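Read off the chains here:
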Amino acid sequence: NILERAFTLCENKRIRAVDLSLTAGRSSAPRPAAIAPPAQGNATSAADDSSQIPATLAPGQSLEEFLEAIERRVITDALETTRWNKTAAAKHLGITFRALRYRLKKLGLE
């Protein structure tokens, strides 16, 4: 899982230590806070203050939907924190501006 995530987030198909996000002492990448994904089909529940990610998928929910919900929540929170400054949000998330733009388009958050 760590390597798959690192490959997804890396640039130019080269995984660096920062892409692994192993421990705070060994990596300079910010560690994301644990969050709960929004309810299925409800992209506006980012105001939900739940602090734990469920260990299992909701009935009928695919892994892809589960991960997209988490990604949507984290990106939305970062954008709100930075007053929708995409450059600052990308830096906050530890990804490139280009990677953030790709994810925004993929998730329909443009």
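Shown above is the structure to which this text applies.
Here the structure is a predicted model, which is why all the values come from computation and not from measurement.

Participant: Got a minute to help me understand the overall build of the protein in this structure?
Facilitator: Scanning the protein from N- to C-terminus turns up five helices and zero strands. Element order for the protein, N to C, with α for helix and β for strand: α-α-α-α-α.

Participant: Would you mind showing me how to read the pattern of salt bridges here?
Facilitator: Pairing is possible between side chains of opposite charge, provided their charged atoms come close. Across all of its chains, the model carries three salt bridges by this definition. A salt bridge links E71 to K106, with the nearest nitrogen and oxygen atoms 3.2 Å apart. Placement of the pair is E71 in helix α3 (residues 63-81) and K106 in helix α5 (residues 97-107), with a sequence separation of 35 residues. Each of E71, R103 and K106 takes part in salt bridges that share partners, so that together they form one network.

Participant: Got a minute to help me understand the nonpolar core in this structure?
Facilitator: Inside soluble globular proteins, nonpolar side chains tend to come together where they are buried. Residues L9, I75, A78, L79, A89, A90, I95, A99, L100, L104, L107 and L109 constitute the largest nonpolar core, which totals 12 residues. Counting residues per element, the ones that place at least two in this core are α3, α4 (86-93) and α5. Considering every element that reaches this core, the biggest residue donor is α5, with four residues. Discounting chain neighbours no more than four positions away, the residues touching I95 are L9, A90, L100 and R103.

Participant: Sorry, what's going on with the packing of α4 against α5 here?
Facilitator: Packed helix pairs are specified by the crossing angle of their axes together with the interaxial distance, meaning the distance between the axes. In the contact formed by α4 and α5, the axes pass within 8 Å of each other and the chain directions differ by 100 degrees. The pairing of α4 with α5 is recorded here as roughly perpendicular in orientation. Where α4 abuts α5, its residues K86, T87, A89, A90 and L93 lie against F97, L100 and L104. Split by residue class, the contact of α4 with α5 holds six nonpolar, one polar and one charged.

Participant: Would you explain α4 in this entry?
Facilitator: For the α-helix, the turn length of 3.6 residues means that residues three or four positions removed from each other point alike. Sitting at the amino-terminal end of α4 is N85, which places a side-chain oxygen 3.1 Å from the backbone nitrogen of T87. Among the residues trailing α4, G94 stands out with phi positive, at a value near 75 degrees.

Participant: Looking at this structure, I do not really get the packing of α3 against α5. What am I missing?
Facilitator: One way to put it is that α3 packs onto α5 with a least axis distance of 11 Å and a crossing angle of 125 degrees. By the angle between their axes, α3 is oblique relative to α5. Of the two possible hands of crossing, α3 and α5 adopt the one that is left-handed. Along its contact with α3, which presents E68, E71, R72, I75 and L79, the element α5 presents L100, R103, L104, K106 and L107. Of the residues that constitute the contact of α3 with α5, the class distribution is five nonpolar, no polar and five charged.

About the cut-offs
Per-chain numbering applies: the sequence of each chain, read as written, is numbered from 1 onward. Totals for whole chains, interfaces and linings use every residue, but because this is a predicted model, local features are given only for residues with pLDDT of at least 70 and side-chain atom pairs only at 80 or more, for both listing and counting. Calculated side-chain values reflect all of the structure's heavy atoms, with hydrogen atoms and water omitted. Runs of H or I in DSSP of at least four residues are treated as helices and runs of E of at least two as strands, each being numbered from the N terminus. Salt bridge, as used here, is a side-chain nitrogen of Lys or Arg placed within 4 Å of a carboxyl oxygen of Asp or Glu. Nonpolar cores were defined as sets of buried Ala, Val, Leu, Ile, Met, Phe, Trp, Tyr and Cys residues, with membership established by side-chain atoms within 4.5 Å. Relative accessibility decides the category of a residue: with a 1.4 Å probe and only protein chains considered, values under 20% of the type maximum give buried, values over 50% give exposed, and everything between is partly exposed. Note on contacts: a residue pair is in contact if any heavy atoms of the two residues lie within 4.5 Å. Only the stretch in contact is used when a helix axis is fitted, and all axes are lines through C-alpha atoms; the angle between N-to-C directions ranges over 0 to 180 degrees. Here roughly perpendicular refers to angles of 65 to 115 degrees, roughly parallel to angles under 35, roughly antiparallel to angles over 145, and oblique to all remaining angles. Gly falls in the polar group here, along with every residue not listed as nonpolar (Ala, Val, Leu, Ile, Met, Phe, Trp, Tyr, Cys, Pro) or charged (Asp, Glu, Lys, Arg). For this analysis, a polar contact is any N or O atom pair within 3.5 Å, provided that within protein one partner can donate a hydrogen and the other can accept it, and provided that sequence-adjacent residues contribute only side-chain to side-chain pairs. Note on convention: near helix rotated counterclockwise from far helix by under a right angle means a left-handed crossing. Clockwise means right-handed.

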